[in-house]
Amino acid sequence: MRTRPTLSWSNPGPSLPRASTLTDVVPIVAEGGVLVLSGAGLSTESGIPDYRGEGGSLRKHTPMTYDEFTTSQAGRQRYWARSHVGWRTIARAHPNAGHHAVTRLSAKLSGVITQNVDGLHQAAGSSDVVELHGGLDRVICLDCGLLSPRIDLDRRLREANPDFHATTDEVNPDGDVFLPEETVKDFVVVPCAECGGVLKPDVVFFGENVPRPRVEQCYSLVDSARSLLVLGSSLTVMSGLRFVRRAATAGIPVVIINRGETRGDPHASLRVDLPLGKSLTELAEVVLESGNGDLPGR
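Residues numbered from 1 in each chain as written. Predicted model: local features only at pLDDT ≥ 70, side-chain atom pairs only at ≥ 80, totals over all residues. Heavy atoms only, no water.

Undergrad: Any details on the pattern of salt bridges? Residues and values, ideally.
TA: Tallied over the full model, the rule gives 15 salt bridges. A salt bridge links Asp186 to Lys185; the shortest N-O distance between them is 3.1 Å. Accessibility classification places Asp186 together with Lys185 in one group, the exposed group. Connected via shared salt-bridge partners are Arg18, Arg259, Asp265 and Asp273. (Salt bridge = Lys/Arg side-chain N within 4 Å of Asp/Glu carboxyl O. Buried < 20%, exposed > 50% of the residue type's maximum accessible area, 1.4 Å probe, protein only.)

Undergrad: Summarise the state of the cysteines; cite the residues concerned and give the values.
TA: For the structure on display, the rule yields zero disulfides. The closest cysteine sulfur to the non-disulfide-bonded Cys141 is located on Cys195, 3.5 Å from its own sulfur. According to the relative accessible area criterion, Cys141 is buried, its value standing at 2%. What makes Cys195 partly exposed here is its relative accessible area of 41%. (Disulfide = S-S within 2.5 Å.)

Undergrad: Give me the packing of aromatic side chains: which residues, what numbers.
TA: For the structure shown, the criterion picks out seven aromatic pairs. Ring geometry for Phe69 and Trp80: centres 6.4 Å apart, planes at 70°, overall edge-to-face. Taken together, the positions of Phe69 in helix α2 (residues 66-71) and Trp80 in helix α3 (residues 73-92) put the pair 11 residues apart, joining distant regions of the chain. The residues Phe69 and Trp80 share a single accessibility class, namely buried. With a centroid separation of 5.2 Å and 65° between ring planes, the pair formed by Phe69 and Phe205 is classed as edge-to-face. Separated by 136 residues along the polypeptide, Phe69 in helix α2 and Phe205 in the loop between β6 (199-203) and α8 (212-224) bring together distant segments of the chain. Residue Phe69 is classed as buried on the basis of its relative accessible area of 0%. (Phe/Tyr/Trp six-rings, centres within 6.5 Å; stacked < 30°, edge-to-face > 60°. Helix = DSSP H or I, 4+ residues; strand = E, 2+ residues; numbered from the N terminus.)

Have a look at this one:
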């Protein structure tokens, strides 16, 4: 059974207090055993907009859903034409200060779960990252299950569409973009090179379930963590929110650093509203270099 995609969320109650300093975050991270759960807000400083922020892509168009992709040939043609353009932006993106700060803090972390599909945690040097929603650098055949590199598909699509030269300055976190219908109507979609089946990026679309073994792996990471640090996620969709709820129910402190409210705020013991790149860099410096876990000037 497929889940119905959740595209928006409105806070039904009063806003909860949010701190504007890292003072209370430092001792939690300094203690170690921190599980990071990151979202699209962590990658905005790398030039990849999020879904729901001030410039979020959901304000302009609805992302591809699993049902549309699997049931509509026209939908797949539209997606692959747009994603062929968007992939160039994702592939060119570099880790920002926030990603590098997470890597620097690796000695204090018990793991990293990312809802992002851009591979920037790994590019920054983080290891053993669980990609909750998969990765755009891979393609899977829905018929034979073959996994292949996205770069190979990119080459094949270029060869099949030599006169396709669309460009755009706007890209979704999943690599999708907006292009006019007349631009995509003649785009040629290539099949699986092994069996001729339908190719799909190895990512979890809206309305698609995260594979159960991956969910269980993440639950295990939550259960063994001393704290859960949420970075740049509105937690609108249940795929990430469930881990916040799990931690809170088990009495594991939940710290959320995000610009604006999140659906997980009622479950958090600490909510901080700060830009991620700058604040995470400061957090790493204080935790790793001061030796006493104190912010400058305390």
